[in-house]
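Residue-level listing of the chains:
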Amino acid sequence: MQQQKIDEILNRPLSQELLARDVTRLAYVAEDGTPRVLPISFTWNGSKVVMCTTKISEKLRHLRANPVVALTIDTEVHPPKILFIRGRAELDVVDGIPEEFLQTNGTYQMTPEQRVEWEAEVRSLYDGMVRIVVTPTWAKLIDFETTLPSAVEELIRRRG
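Residues numbered from 1 in each chain as written. Predicted model: local features only at pLDDT ≥ 70, side-chain atom pairs only at ≥ 80, totals over all residues. Heavy atoms only, no water.

K.L.:
Summarise the side chain of Lys-81; cite the residues concerned and give the values.
P.N.:
Along the chain, Lys-81 falls in the loop between strand 5 (68-74) and strand 6 (82-95). In contact with Lys-81, not counting residues within four places along its chain, are Leu-14, Leu-18, Ile-73, Asp-74, Thr-75, Ile-142, Asp-143 and Glu-145. (Helix = DSSP H or I, 4+ residues; strand = E, 2+ residues; numbered from the N terminus. Contact = heavy atoms within 4.5 Å.)

This is the structure in structure tokens:
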């Protein structure tokens, strides 16, 4: 997919709304060839998706072996709004807590007191983290109003 098309999709208002959420589903392939998918907090910096994890996370070994990933960011209402992103994970080991990790909880329902407690706990637990940085190489937005899954579009075309 050409970068211009990726940028056009990611800059749509609905995509920007989804990219402002806190949780994505990260899919990758484990070293044994089986798929894995897990929810993980993220931030969007305007061009890349940034997720943070512990330096001892099992997923890092798999991502080092095969950095190709897929992300899904969606809503929990009907009709769902879904943003799919594919790319390659770059791993960046950092000392301390990356600012992106602290930003990922922007839409969680957390009181100011809970936020202070959460951040203190995070700072006491982690001596460093790994930033998982994904530059989109493909993107698709589905809103079930103006865009549909490809298979549904094909069924509509055949019916017409």
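Having seen it, we continue.
K.L.:
Just give me the short version of the pattern of salt bridges, but keep the residues and values in it.
P.N.:
A complete count under the given rule lists 14 salt bridges for this structure. Its salt-bridge partner being Glu-8, residue Lys-5 comes within 3.3 Å of it at the nearest N-O pair. Of the two residues, Lys-5 and Glu-8 are both situated in helix 1 (residues 3-10); the distance of three residues between them amounts to about one turn of the helix. A salt bridge links Arg-131 to Asp-92; the shortest N-O distance between them is 2.8 Å. With a gap of 39 residues between them, Arg-131 in strand 7 (residues 128-142) and Asp-92 in strand 6 connect regions that are remote in the sequence. (Salt bridge = Lys/Arg side-chain N within 4 Å of Asp/Glu carboxyl O.)

K.L.:
Which residues make up helix 1, and what values go with them?
P.N.:
Buried within helix 1 are the following residues: Ile-6, Ile-9 and Leu-10. In a view along the axis of helix 1, the buried residues occupy a sector of 95°, so they form one face of it. Summarising the contacts, the buried residues of helix 1 are in contact with helix 2 (13-19), strand 3 (43-44), strand 6 and strand 7. (Buried < 20%, exposed > 50% of the residue type's maximum accessible area, 1.4 Å probe, protein only. Arc of directions from axis to C-beta.)

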